[in-house]
Amino acid sequence: MVGAMGPLYGALLGQDVASYLQHLAISLIIWTFISGLINEAGTAFVGAEGYIKQVALPLSVHIFRLIAKNVVMLAHNALIIVVVLIFLPPAHWRDVWLFPLGLLLVLGNLFWISLLLAVLSTRFRDIPQLVTNIVQVAFFLSPIIWKASMLGPKNRFVADFNPLYHFIEVIRAPLLGEPIHAISWIVTVSLLVLGSIVAFLVFARLRARVPYWL
Amino acid sequence: MAVIQAHNLVVEFPIYSFTGHRSFKKSLLNLATGGILAKDAANRVVVRALDNLNFEFHEGDRVGLIGSNGSGKSTLLQVLAGIYEPVAGDLKVEGRITSMLGITLGMDAEVTGVENIYLRGRLMGLSRQQIDAMVDDIADFAGIGDFLNLPMRTYSSGMAMRLAFAVATSVDADIILMDEWLSVGDAEFVQKAKAKLTQMVDKARLVVIASHNHAMIKDQCNIILTLEHGKIVSTQRTDSTS
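Conventions we followed
Residues numbered from 1 in each chain as written. Chains lettered and ligands numbered in written order. Predicted model: local features only at pLDDT ≥ 70, side-chain atom pairs only at ≥ 80, totals over all residues. Helix = DSSP H or I, 4+ residues; strand = E, 2+ residues; numbered from the N terminus. Rg over C-alpha atoms; globule rule 2.2 N^0.38 Å. Contact = placed C-beta atoms within 7 Å. Nonpolar A, V, L, I, M, F, W, Y, C, P; charged D, E, K, R; others polar. Domains from an automatic or database assignment. Buried ≥ 20, exposed ≤ 12 C-beta atoms within 10 Å, placed from the backbone. Axes fitted to C-alpha atoms, helices over the stretch in contact; angles between N-to-C directions. Parallel < 35°, antiparallel > 145°, perpendicular 65-115°, else oblique. Left-handed = near helix turned anticlockwise from the far one by under 90°.

## So, the overall build of chain A
Broken down by element type, chain A carries 11 helices and 0 strands. Relative to the compact-globule value of 17 Å for 214 residues, chain A shows a C-alpha radius of gyration of 18 Å, a close match. Over its C-alpha atoms, taken along the principal directions, chain A stretches across nearly 55 × 35 × 30 Å.

## Comments concerning the interface of chain A and chain B
Listed per partner, the contact involves 14 residues of chain A and 17 residues of chain B. Taken together, the elements giving at least two residues each to the side of chain A that touches chain B come down to helix 3 (49-54), helix 6 (127-141) and helix 11 (210-213) of chain A. A breakdown of the residues in the side of chain A that touches chain B according to their chemical character gives 9 nonpolar, 2 polar and 3 charged.

## Notes on the domain arrangement of chain B
Residue and element names in this part refer to chain B. Looking at chain B, the domain boundaries give domain 1 (3-95 + 210-237) and domain 2 (113-204). Here the element with the most residues in the side of domain 1 that touches domain 2 is helix 2 (residues 73-80); it accounts for 3 residues. Its residues assigned to classes, the side of domain 1 that touches domain 2 shows 5 nonpolar, 4 polar and no charged.

## Focus: unusual backbone geometry
Residues and elements named next belong to chain B. Phi is positive for Asn8, which is not a glycine, with a value near 50°. Among the structural elements, Asn8 can be located in strand 1 (residues 3-15). Asn8 gets classed as partly exposed once you count the C-beta atoms within 10 Å, which come to 13. At Asn52, a residue that is not glycine, the phi angle is positive and equals roughly 50°. By the secondary structure assignment, Asn52 is in strand 2 (residues 45-57).

## Quick word on the environment of Leu214(A)
All names here are of chain A. Here Leu214 is to be found in the segment after helix 11. Since 13 C-beta atoms lie within 10 Å of it, Leu214 is described here as partly exposed. Between the C-alpha atoms of Leu214 and Gly50, which are 164 residues apart in sequence, the distance is 9.4 Å. Setting aside its immediate chain neighbours within four residues, Leu214 contacts Phe45, Val46, Glu49, Ile52, Lys53 and Thr122.

## Observations regarding the packing of helix 4 (residues 60-87) of chain A against helix 5 (residues 98-123) of chain A
All names here are of chain A. Packing of helix 4 against helix 5 leaves a shortest axis separation of 10 Å and a crossing angle of 130°. Comparing the axis directions of helix 4 and helix 5 gives the class oblique. Relative to helix 5, the crossing made by helix 4 is right-handed. Listed contacts from helix 5 to Ile63, Leu66 and Ile67 of helix 4 are Leu107, Leu110, Phe111, Ser114, Leu115 and Ala118. Of the residues that constitute the contact of helix 4 with helix 5, the class distribution is 8 nonpolar, 1 polar and no charged.

As structure tokens, this is what we get:
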């Protein structure tokens, strides 16, 4: 995918092929991970019906299973990132230590998102389809095949108001040696805190109903 | 201490099969239009599976649940196992529960017998270290030899059941929940399994069995609850055993 899209879109968007390829490879892999997890979250409980109805496990187990599975898949794909970074090294390696931190913050965010989606999708079975559509649109609205810097100051809000942009940015920017805007950290951390509270309250209220809804 | 206490325990299952009940879009539409456009989603049907149950089991009790199909025996076991939380009423369970419901759950046909022992053990709430200590005994009891190192898809169904049974009966339990007396394997193994299960049940502090086998229940239990349509219609105490 990277090989096919890289040169074409690089040329279309008038970008330097090397730097665009680097951007695209890393962005696509991060996006595959985030979107895959969100898309699957709706079936986390529905798909584990057999378990939920026969063993009294904490429901979070199924969310952790989902995340573990997707992290393993990310680790496989991450090999491409390594290869890209060897042949097209980033501007500098100074910030690379921020990468695990960014990944951890995004994982935390994905946890509450998945928990919320899993609970609600158990009750309302059309939510997964709804989510799939939203994720598909989000792919085009987020700076994956394009860069936020192409937007220009006037259109910058398209990226800034998109939480997914900040999620991708805190993982991607340290790898590319690009400066990370403070706003990306602020959004990622505040969403983690706020989202966790909301998800916790919803989960606390609806947890007992989940087996009945299956 | 092992105690199970229920006070006015109620379990109701919502029935969502009617159009729109499970749709977020329709529910939203419903909310926005005050139920004019879509049919009222709040008007849902429920099935009362357990109706105001009151009982108290103590250490040493052997409880038998009998009743026709659909009387609520299995649901009651699931409630005791902590799968369904009561919709109303109180349930107090003291002691560690070992459930014999679905003993093959979580087994993976693609991985080896040994790995399946770990999978099952983890699902039963054991730690990796605890399983490390038990794995040889389990393998020994299952008696399937070198098959243990082969993927489970190469097993006959009887062998898979023997392995599942060996894991399920390898723990010391406070409270055992069982849906029908487990019986697996060929003639020889059935005897071995029966002895092992009897030994496990004897060691447990409290046992609840649901069964259609009245003779076995009379033989094993000192409390017999008869359920009908989710209600307890009779409670017999025969303090002959234990």
